[in-house]
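Geometric and topological summary
Residues per chain are reported as follows:
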Amino acid sequence: MVLVISHSFRILPPSSLVHQQKTKKIYESQCCVFPVTQISPFLRKGLTSSGGGEAIRTRICASVADISLDVSVEENKLPKGETWSVHKFGGTCVGSSLRIKNVADIIINDDSERKMVVVSAMSKVTDMMYDLIDKAQSRDESYISLLGAVLQKHSSTAHELLDGDDLASVLSRLHHDISNLKAMLRAIYIAGHATESFTDFVVGHGELWSAQMLASVIRKSGIDCKWMDTRDVLIVNPTSSNQVDPDFLETNRRLEKWYSLNPCSVIIATGFIASTPQSIPTTLKRDGSDFSAAIMGALFRARQVTIWTDVDGVYSADPRKVNEAVILKTLSYQEAWEMSYFGANVLHPRTIIPVMRYGIPIIIRNVFNLSATGTKICHPSVNGDEDRQNFRYFVKGFATIDNLALINVEGTGMAGVPGTASAIFGAVKDAGANVIMISQASSEHSVCFAVPEKEVKAVAEALQSRFRQALDAGRLSQVQVIPNCSILAAVGRKMASTPGVSATLFNALAKANVNVRAIAQGCSEYNITVVVKREESIKALRAAHSRFYLSRTTIAMGIIGPGLIGSTLLEQLRDQAAVLKEEFNIDLRVMGIIGSKSMLLNDVGIDLSGWKELREEKAEVANLEKFVQHVHENHFIPNTVLVDCTADSIIAGHYYDWLRKGIHVITPNKKANSGPLNQYLRLRALQRQSYTHYFYEATVGAGLPIISTLRGLLETGDRILQIEGIFSGTLSYIFNNFKDGRTFSEVVAEAKEAGYTEPDPRDDLSGTDVARKVIILARESGLKLELSDVPVESLVPVPLRVSASAQDFMQQLPKFDQDFAKKQLDAEDAGEVLRYVGVVDMIKQKGMVELRRYRKDHPFAQLSGSDNIIAFSTRRYKNQPLIVRGPGAGAQVTAGGVFSDILRLASYLGAPS
Ligand SMILES: NC(=O)C1=CN([C@@H]2O[C@H](COP(=O)(O)OP(=O)(O)OC[C@H]3O[C@@H](n4cnc5c(N)ncnc54)[C@H](OP(=O)(O)O)[C@@H]3O)[C@@H](O)[C@H]2O)C=CC1
Ligand SMILES: N[C@@H](CC=O)C(=O)O
Ligand code: NA
């Protein structure tokens, strides 16, 4: 406020009014302007008492002793708008002298012209103050030592921060307050009771002290900074629901008055505390300091309100439950409301309303990590464009609430009866329970709602009693309690009017095998709420979050058997990972690799560029159960696939359990599909009923599309007559190269070296491998055959069928080269070639595997390398069979076939095609 004195006054004698020099100035000038602080206290008193502080230009007559003069007063008008930024620092931000200095630095470095800073009490102080009250009213003398600790905490902090007059002034106020508190607590001790206003008065001291200390620290750097006891300014009316409503008009009036007396560029205001219209101290209750900041932001029409906390911003989900939760860059005010309900680190809705009215953005930032830009809560129109390109734009956050129970009130007597809902919820109200979500299908036969688990018993009893007659008469069939439930909510403004968002959510839950018990979505469409079993809540949260936030398809993979095929697959995955992620949004993470002796596990995905070295360094003893649990459960990725690259029937025996658990299975291992028929049928039946996938393209013809071609024919209604082919890459290679004087054993060794053979090459030469493929195709076509039903002509010389190992066998094989040479020559002489073929005869319902001779111009004679050739004769392809031909064995093509199944899975799970 400044005092403007016009030329028309008379001054007698000058010295009693102002200093000599200034009076002279006044006398000489036509119109002088002085800060009111330079005018004598008498005159100031006169100004104030005549109400001069209110008007912008008020003519007053100040009369002090024998002096009388006409002056006009121009008030320091409270500037409003963009020049102000409001900051709020919570208790942890000002928890120590170091942190208070840090806060001061943040304020000093904010280049806004004017700053309003709302502070909480130092961390733990408010609790200590409440404790003081509790102790005093329960007549526990230890309140005295606790008060000593409160004094000590603030006094030592002040000593660490300040010195000289600043320190003396803060300490003097502190000691004065403590002595008042002591007297007050003594009174409470004697009365054994503290009124609400006593309590509010006591607990608010923490803010008074932290505000004064911070203001003094900032002043030290030469900034014009004042502290504000908000109880002088902020006026609130208590409401019935233990909340308060700010009186904006009165608060604004008082704020302007306060500013006119305390003009400055930085105001440090106490958070949390306020006064009633009768000037009785009170508090703003829960999240009080945030609310103080929002009210101030609104009154100042500030540029923005920054809420400083100890986290980087608002996460898309609870980061303790979802490792890959991300900080949201922007939230609309409504989204922030929804998120706050679910306990996200967002402001309470109440605290958003004052700033929302003026479209003032709220920024949530981490005081300990200034490099994080935080989360901006604002009107959607100013939301960043970066979000628009992202699917996640539609759903911002996910949250769960645990410990709920569902109540289902059901019966035919409910439909079309007005008042049923009112009666149900009237009973719930009588039980004092809070309803968290409600769902009723339009058939009106049942109403279902969720209440906190601890309230469900009372609610159920209230309903039983309220509807006793209806239940007895059968108009209501039941009041059912479904315990152990959790709510999963998806929040996002853009869900409204965007088709497919809920489909995506439910799809993610279905894929994760999560059963949805109830659903609710209000017509504002900001929130979709589903009720799931308590034990599935984290899985559901991760599934939903990953569906929207991870790349569209993230799959946790476990590789079993890093042998030839397994390790080639790992190399292919390594080489293609970036492309898949960038171009197709497919994020494949190998969480574990297990061999027969050791395993390597990782929580976020093994770095495939060095998996062999990591395996050397970090492998642990193989434990399949632990492996499966790790890959499937111990992380945030809801889709799991186990890729079995062994030839082991015990591993294949686990598929059923894995599929039942929701784990997808992909394999080139033929053991499951060619094993016992009943097990095979059980596996396929399970696969058909569930959402879990079982792919095995590489079991026949390696990477060649044999299974998929057959399925395509069958599913489109064609009828298979016969499938005939060279199904063994090994035997194809052998007979393609067993010529020009080369020996049989030499060519077999070459096939093994090239990676065409089974781990034990006798499986190829015995015809077993081909027989397995015949069985796989026969069963796929609908024949119910066992492996033993297929007659097989074995090429393993009888004496070697019992050899101890594959190595022994290979060593002994040359002894039989002559026998093979003779067969080959006989065919050659007849102008024919030897080919080892498999046949599925659908007409005769049988399969066979044998060494046949074909004329040299037959398509089967035209092969080279490890080529397979498979001819499908069907009703549609009767005269000319449908032929698939190409390399049917080898590490690259087989691993490629497995990889392609993995991508098929990704596409079934929602990857773009
Ligand atoms: N080679 C090819 O062209 C084709 C192969 N296939 C199939 O691919 C599969 C793999 O063949 P391939 O890579 O050549 O075989 P390998 O012998 O090279 O590899 C087999 C792998 O399985 C591991 N293994 C064996 N038993 C277990 C067990 N109980 N638990 C965990 N791991 C185990 C082995 O581990 P360890 O070394 O520690 O014992 C090894 O890493 C076979 O089923 C085969 O039929 C299918 C089509 C074509
Ligand atoms: N050993 C097999 C590999 C593919 O199944 C073959 O030779 O075909
Ligand atoms: Na295949």
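Everything numeric here is computed off the predicted structure, so don't read it as measured data.

1. Concerning the packing of aromatic side chains
This model, assessed by the stated rule, comprises 15 aromatic pairs. Relative to Tyr-908, the ring of Phe-695 has its centre 5.3 Å away and its plane inclined at 80°; by these criteria the two rings are edge-to-face. Highlighted residues: Phe-695 in strand 29 (residues 694-695) and Tyr-908 in helix 32 (residues 891-908), separated in sequence by 213 residues. Take Tyr-908: its relative accessible area is 39%, and that puts it in the partly exposed class. Ring geometry for Tyr-733 versus Tyr-756: centroids 5.3 Å apart, planes at 55°, classification tilted. Taken together, the residues span a long stretch of sequence, with Tyr-733 in helix 26 (residues 729-737) and Tyr-756 in the loop between helix 27 (744-753) and helix 28 (762-765) at a distance of 23 residues. No difference in accessibility class separates Tyr-733 from Tyr-756, as the two residues are buried. These aromatic residues form a ring-pair network of at least three members: Tyr-655, Trp-658, Tyr-694 and Tyr-696.

2. Remarks on the site of ligand 2
Taken together, 13 residues surround ligand 2, and among them Gly-729, Thr-730, Tyr-756, Glu-758 and Asp-764 come closest. One of the backbone N or O atoms of Gly-729 is found 2.7 Å from an oxygen atom in ligand 2. In this structure, an oxygen atom belonging to ligand 2 sits 2.8 Å away from a side-chain N or O atom of Lys-773. For ligand 2, whose accessible area on its own is 250 Å², the fraction buried by protein is 94%. Elements with a minimum of two residues in the shell around ligand 2: helix 26 and helix 29 (768-780). Residue classes in the shell around ligand 2 are distributed as three nonpolar, five polar and five charged.

3. Some thoughts on the packing of helix 26 against helix 27
Orientation of helix 26 relative to helix 27, taken along the N-to-C sense of each, is 135°, at an axis distance of 9 Å. Here helix 27 runs oblique to helix 26, going by the angle between their axes. The interaxial crossing formed by helix 26 with helix 27 has right-handed handedness. Contact residues: Thr-730, Tyr-733, Ile-734, Phe-735 and Asn-737 in helix 26; Phe-744, Val-747, Val-748, Glu-750 and Ala-751 in helix 27.

4. Remarks on the coordination of the sodium ion (ligand 3)
Around the sodium ion (ligand 3), the donor atoms from the protein are Glu-697 (O), Glu-697 (OE), Val-700 (O), Ala-702 (O) and Leu-704 (O), and they sit 2.3 to 2.5 Å away. In primary sequence terms, the donor set of the sodium ion (ligand 3) follows E-x2-V-x1-A-x1-L. With respect to burial, Val-700 and Leu-704 carry one shared label: buried.

5. A short note on the sheet that holds strand 17 (residues 397-410)
Ordered in space as 18-19-17-20-22-21, the six strands form an open sheet in which the pairing is antiparallel. Of all the strands in the sheet, the pair left with one neighbour each is strand 18 (437-440) and strand 21 (516-521). Each neighbouring strand pair of the sheet contributes to a mean axis angle of 30°, computed without reference to strand direction. Together, strand 17, strand 18 and strand 19 (446-452) form the strand contacts of helix 13 (residues 420-430), whose direction differs from that of strand 19 by roughly 15°.

6. A look at the site of ligand 1
Every one of the 26 residues lining ligand 1 counts as a neighbour, but Ile-565, Ser-596, Thr-646, Glu-758 and Gly-890 are closest to it. Separating an oxygen atom of ligand 1 from a side-chain N or O atom of Ser-596 is a distance of 2.6 Å. Interatomic distance of 2.9 Å between a side-chain N/O atom of Asp-648 and a nitrogen atom of ligand 1. For ligand 1, the accessible surface in isolation is 910 Å², of which the surrounding protein chains cover 79%. Among the residues forming the shell around ligand 1, the class breakdown is 13 nonpolar, 10 polar and three charged.

7. A few points about the side chain of Thr-276
Secondary-structure assignment places Thr-276 in the loop between strand 11 (273-275) and strand 12 (281-283). Overall, the relative accessible area of 10% leaves Thr-276 in the buried class.

8. Overview of the nonpolar core
Among the nonpolar cores identified, the biggest contains 73 residues, and Trp-658, Ile-723, Phe-735, Phe-744, Leu-765, Leu-777 and Phe-872 are the most heavily contacted of them. If we ignore the near neighbours within four places in the chain, the residues touching Leu-765 are Leu-731, Ile-734, Phe-744, Val-748, Ser-794, Leu-795, Val-796, Phe-809 and Leu-813. In this structure, Leu-234, Leu-331, Met-356 and Phe-548 belong to the second largest nonpolar core, which totals 65 residues.

9. Describing the confidence of the model for the protein chain
Mean pLDDT over the protein chain: 87, with 87% of residues reaching 70 or higher. This model gives residues 1-74 a pLDDT under 50, and the stretch forms 119 contacts once residues within four places in sequence are excluded. Interface confidence in the predicted complex, given as ipTM, is 0.98; pTM for the same model is 0.62.

10. Things to note about the environment of Asn-678
Secondary-structure assignment places Asn-678 in helix 24 (residues 677-689). What makes Asn-678 exposed here is its relative accessible area of 55%. Sequence separation between Asn-678 and Lys-784 is 106 residues, and the spatial gap between their C-alpha atoms is 9.3 Å.

11. Observations regarding unusual backbone geometry
Trans is the common state for peptide bonds, and a negative phi is the common state for residues other than glycine. If you check the backbone angles, Asn-484 has positive phi at about 55° while not being a glycine. Along the chain, Asn-484 turns up in strand 20 (residues 478-491). Using a relative accessible area of 44% as the deciding quantity, one classes Asn-484 as partly exposed. Even without being glycine, Asp-740 reaches a positive phi, approximately 50°. Along the chain, Asp-740 falls in the loop between helix 26 and helix 27.

12. Remarks on the sheet that holds strand 26 (residues 620-621)
Strand order in the open sheet made by the seven strands is 26-25-24-23-27-28-29, with mixed pairing throughout. Lying at the two open borders of the sheet, with one neighbouring strand each, are strand 26 and strand 29. Bridge count between strand 23 (residues 553-560) and strand 24 (residues 586-594): eight bridges; the pairing is parallel. Bridge pairing in strand 24 places Met-557 opposite Val-590. Against the sheet, helix 18 (residues 564-584) makes contact with strand 23, strand 24 and strand 27 (639-644), and its axis sits at roughly 155° relative to strand 24, the strand it touches most.

13. What about the pattern of salt bridges?
The full count for this structure, using the stated rule, is 36 salt bridges. For Asp-318, the salt bridge identified is with Arg-320, shortest N-O distance 2.8 Å. Assessed through its relative accessible area of 22%, Asp-318 is described here as partly exposed. One salt bridge connects Arg-762 with Asp-760, and the closest N-O pair in it is separated by 2.7 Å. Salt bridges linked by common partners bring Lys-670, Glu-758, Asp-769 and Lys-773 together as one network.

14. Concerning the state of the cysteines
In this structure the tally under the stated criterion is zero disulfides. Of all cysteine sulfurs in the structure, the one in Cys-485 sits closest to Cys-448, which takes part in no disulfide; the separation is 8.7 Å.

Cut-offs applied
- Residues numbered from 1 in each chain as written.
- Chains lettered and ligands numbered in written order.
- Predicted model: local features only at pLDDT ≥ 70, side-chain atom pairs only at ≥ 80, totals over all residues.
- Heavy atoms only, no water.
- Phe/Tyr/Trp six-rings, centres within 6.5 Å; stacked < 30°, edge-to-face > 60°.
- Helix = DSSP H or I, 4+ residues; strand = E, 2+ residues; numbered from the N terminus.
- Buried < 20%, exposed > 50% of the residue type's maximum accessible area, 1.4 Å probe, protein only.
- Near = heavy atom within 4 Å.
- Polar contact = N/O pair within 3.5 Å; in protein donor to acceptor, adjacent residues only side chain to side chain.
- Areas by Shrake-Rupley, 256 points an atom, 1.4 Å probe, with all protein chains shown as cover.
- Nonpolar A, V, L, I, M, F, W, Y, C, P; charged D, E, K, R; others polar.
- Axes fitted to C-alpha atoms, helices over the stretch in contact; angles between N-to-C directions.
- Parallel < 35°, antiparallel > 145°, perpendicular 65-115°, else oblique.
- Left-handed = near helix turned anticlockwise from the far one by under 90°.
- Contact = heavy atoms within 4.5 Å.
- Donors = N, O, S within 2.8 Å, 3.2 Å for Na, K, Ca; no water.
- Pairing = 2+ DSSP bridges.
- Core = buried A, V, L, I, M, F, W, Y, C linked by side-chain atoms within 4.5 Å.
- pLDDT = per-residue confidence, 0-100.
- Salt bridge = Lys/Arg side-chain N within 4 Å of Asp/Glu carboxyl O.
- Disulfide = S-S within 2.5 Å.

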